[in-house]
Amino acid sequence: KLFCIGNPLLDVSADVDQAFLDKYGVTLNNAILAEEKHIPVFDDLIQNKKPLFIAGGATQNTARVAQWQVNEPGAVTYAGAIGKDKFGEELKKASAADSLTTLYYETDEAPTGTCAVLVVNSERSLIANLAAAEKYKITWTQSESVQKAIADAKIFYIAGFVLTHSADSIMHVAKHAAENNKVFTMNTSAPFLFEVPPFLAAYKEAWEYLDIVFGNESEAATMGKAFELGTEDIKEIALKASAMPKKNTARPRMVVFTQGADPTIVAVDGKVTEYPVPKVDKLVDTNGAGDAFCGGFLAMYMQGKSVEECATAGHYTASVVIQRSGCQFADAKR
């Protein structure tokens, strides 16, 4: 079984133009946390752009895709914090529709988190307003229902985004995994996590516990600088990152970097392998592509498949998602 902790967000997704990005000072193929100046983007989208509302949040996307692929009741459990509001109810409905087991901490301290997904010519820029998502507490991780899910799981996946507010919960899960020889995995998630000193420090602490690391090429480049790996070559970064010190020496660390349409790189045990990415017929938007890749990869990993089969499944699930708006897949074959 797979257990995940993340930031449950409702995606507010729309096609926009470059001028719209410029208006809010954001760039394509990036993910940021909303500052005061970004908050009006949500009303702007709702009033002027006819957005889609889609269940989102990086870890939740991965959990939904993994559950879809494994297709066994209770295979994947997801924990995160939502508000007691309409958007929170939408997220509950969406998770139930995907047969994902959720352990939501419900708070009235803040509304359910949202993420503006700005799509320009199929490429995306993300602005996340975490709101309730960052009210997640270690006491929820320590609660009876979540502790049972952690005990039952053999594999753990958490997006790096959670480090911004719940490093204590990440370390709780990391130590449990190391002590019980379970598999602990994370995503590099966004370049800013390696550029902001407290987030980088939290990542470095978690790093020693990581069995599998997922990321994309821009995150890899920033990580390579932050970890002072002395190279800008993505394959070299993957190799050096995989060889960094590790608490649980029972298995080598695997580092998996996707590169859009270019081959996926997997470094493990001193070797780098490239897995070509099949071409897709149409590209609608890239939002959730990396999350979907992780979901497909982990679904096969849960079933004891080879790295090649894991990568193939990841490429398939990512291809499904990029041919639809947001992280949606219900109409596709498994």
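Just above sits the structure.
Presented here is a report on the structure given in the accompanying data block. Model, not experiment: these values are computed from the prediction.

Thresholds applied
- Residues numbered from 1 in each chain as written.
- Predicted model: local features only at pLDDT ≥ 70, side-chain atom pairs only at ≥ 80, totals over all residues.
- Heavy atoms only, no water.
- Buried < 20%, exposed > 50% of the residue type's maximum accessible area, 1.4 Å probe, protein only.
- Helix = DSSP H or I, 4+ residues; strand = E, 2+ residues; numbered from the N terminus.
- Arc of directions from axis to C-beta.
- Contact = heavy atoms within 4.5 Å.
- Pairing = 2+ DSSP bridges.
- Axes fitted to C-alpha atoms, helices over the stretch in contact; angles between N-to-C directions.
- Parallel < 35°, antiparallel > 145°, perpendicular 65-115°, else oblique.
- Left-handed = near helix turned anticlockwise from the far one by under 90°.
- Nonpolar A, V, L, I, M, F, W, Y, C, P; charged D, E, K, R; others polar.

## Considering helix α6 (residues 144-152)
So, point 1. Within the sequence span of α6, burial applies to Val-146, Ala-149 and Ile-150. What you see down the axis of α6 is that its buried residues fit within an arc of 100°, all on one side. Along α6, the residues that are exposed and aim more than 90 degrees away from the buried face are Glu-144 and Lys-148.
So, point 2. At its buried positions, α6 is contacted by β1 (2-5), β5 (76-83), β6 (101-107), α5 (138-141), β9 (155-159) and α7 (167-179).

## Some words on the pairing of strand β2 (residues 9-15)
So, point 1. Burial analysis of β2 places six of its seven residues in the buried class, which makes it a mostly covered element.
So, point 2. By the bridge criterion, seven bridges tie β2 to strand β7 (residues 113-120) in an arrangement that is parallel. Residue Leu-10 lies in a different strand from β7, and its bridge partner there is Thr-114.

## Comments concerning the packing of helix α3 (residues 58-70) against helix α11 (residues 289-302)
So, point 1. Two elements in contact, α3 and α11, have axes whose closest approach is 7 Å; the angle formed by their N-to-C orientations is 45°. The angle between the axes of α3 and α11 places the two elements in the oblique class. Considering how the two elements wind past one another, α3 and α11 form a crossing that is right-handed. Contacts between α3 and α11 pair Ala-58, Asn-61, Thr-62, Val-65, Ala-66, Gln-69 and Val-70 from the former with Asp-291, Ala-292, Cys-294, Gly-295, Gly-296, Leu-298, Ala-299 and Met-302 from the latter.
So, point 2. Of the residues in the contact of α3 with α11, the class split is nine nonpolar, five polar and one charged.

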